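Architecture and fold: a report
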Amino acid sequence: MKYPVSLNLRGRTCVFVGGGAVAARKINGLLHTGASIVVMSPTLHDDLQNRNMCGSLHWLQQRWRSGSLLPLAPSLVFAATDDAGVNREVADEARQLGALVNVADDGQAGDFGSMAVLRRPPLMVALDSGGASPALVRWLRDRIACCIREEHATLASWLGELRPGLRADLPQQDSRQAFYRDVLESDVLALLGSDREEEARSLMNSMLENSR
């Protein structure tokens, strides 16, 4: 059983050994994390060529060789070549350096796997089946996408803005939880879903005033 986490990769180095379609797909999920993405491969998938030209990643045009990871000091390593033996070597070296590794051709051999992700910033929902059925996971993600809409993302942003000062306004945890519950059970979301943002904001603010 794996432990799900949400990693802050800003400023951290993520190395991909292999520059094919698998790497291209996984890199798409990293582009907006603020990570420093390095691809080590003699060739690049067309999508990665475009990313390289835009400066979204750094391409080391070379084949894998032992010791290649050490000067890069990676936090995450993706072994994504079409050679199972090379992928095992990459995984072994990554672990020696203390990096977490994803092995593209053997999910059980890695420390973590990629998940099916639904993003409604700042909200993010990730699903995983432990490799049992990626197709089911994608299907579930698409069903969930119908339930988590833009108004939920907007409300999450508003509540995030309020949170730093809410401890001063409502010192008791029970009071804060009651306020959150009241907002979620109110008409705020319905107003947001009807493009009545000003009314929604006004309602939430008045609820906060009444909670003090």
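Quick look at the structure, then. Everything numeric here is computed off the predicted structure, so don't read it as measured data.

**Quick notes on a nonpolar patch on the surface**
On the surface, a cluster of nonpolar side chains totalling about 380 Å² of accessible area is made up of Tyr-3, Val-5 and Leu-7. Tracing the chain through its elements places Tyr-3 in the segment before strand 1 (13–17).

**Here's the deal with unusual backbone geometry**
In the segment running from Pro-121 into Pro-122, the intervening peptide bond is cis, with an omega of 10 degrees. With respect to the element layout, Pro-122 can be found in the loop between strand 6 (116–120) and strand 7 (123–127). One non-glycine residue, Ala-73, lies in the positive phi region at around 45 degrees. As for its placement among the helices and strands, Ala-73 is situated in the loop between strand 3 (58–60) and strand 4 (76–79). The residue Asp-195 is not glycine, and still its phi comes out positive at about 60 degrees. Counting through the fold element by element, Asp-195 comes out in the loop between helix 7 (188–193) and helix 8 (197–211). Relative accessible area serves as the criterion here: at 72%, Asp-195 is assigned to the exposed category.

**A few points about the sheet that holds strand 4**
Pairing is parallel across the open sheet formed by 5 strands, whose spatial order is 3-2-1-4-5. Since the sheet does not close on itself, it has two edges, and those belong to strand 3 and strand 5 (100–103), each with one partner. On average, adjacent strands in this sheet sit at an angle of 20 degrees to one another, irrespective of strand direction. As paired elements, strand 4 and strand 5 share 4 bridges and run parallel to each other. Residue Phe-78 lies in a different strand from strand 5, and its bridge partner there is Asn-102. Of the strands in this sheet, strand 1, strand 4 and strand 5 are in contact with helix 3 (residues 84–96), which crosses strand 5 at around 170 degrees.

**Brief notes about the pattern of salt bridges**
Applying the stated rule across the entire model yields 8 salt bridges. One salt bridge connects Glu-150 with Arg-120, and the closest N-O pair in it is separated by 3.9 Å. Within this pair, whereas Glu-150 is found in helix 5 (residues 150–169), its partner Arg-120 is found in strand 6, the two being separated by 30 residues in sequence. For Glu-150, a relative accessible area of 53% puts it in the exposed group. Its relative accessible area of 18% is what places Arg-120 among the buried residues. In this structure, Arg-141 and Asp-142 form a salt bridge, with 3.5 Å as the shortest nitrogen-oxygen distance. Taking the relative accessible area as the measure of exposure, Asp-142 reaches 36% and is therefore partly exposed. Counted as one network, the salt bridges with shared partners bring together Asp-169, Glu-209 and Arg-212.

About the criteria used
Residues numbered from 1 in each chain as written. Predicted model: local features only at pLDDT ≥ 70, side-chain atom pairs only at ≥ 80, totals over all residues. Heavy atoms only, no water. Patch = residues over 30% accessible without salt bridge, like charges linked within 9 Å, V, L, I, M, F, W, Y side chains within 5 Å. Areas by Shrake-Rupley, 256 points an atom, 1.4 Å probe, with all protein chains shown as cover. Salt bridge = Lys/Arg side-chain N within 4 Å of Asp/Glu carboxyl O. Helix = DSSP H or I, 4+ residues; strand = E, 2+ residues; numbered from the N terminus. Buried < 20%, exposed > 50% of the residue type's maximum accessible area, 1.4 Å probe, protein only. Pairing = 2+ DSSP bridges. Axes fitted to C-alpha atoms, helices over the stretch in contact; angles between N-to-C directions. Contact = heavy atoms within 4.5 Å.

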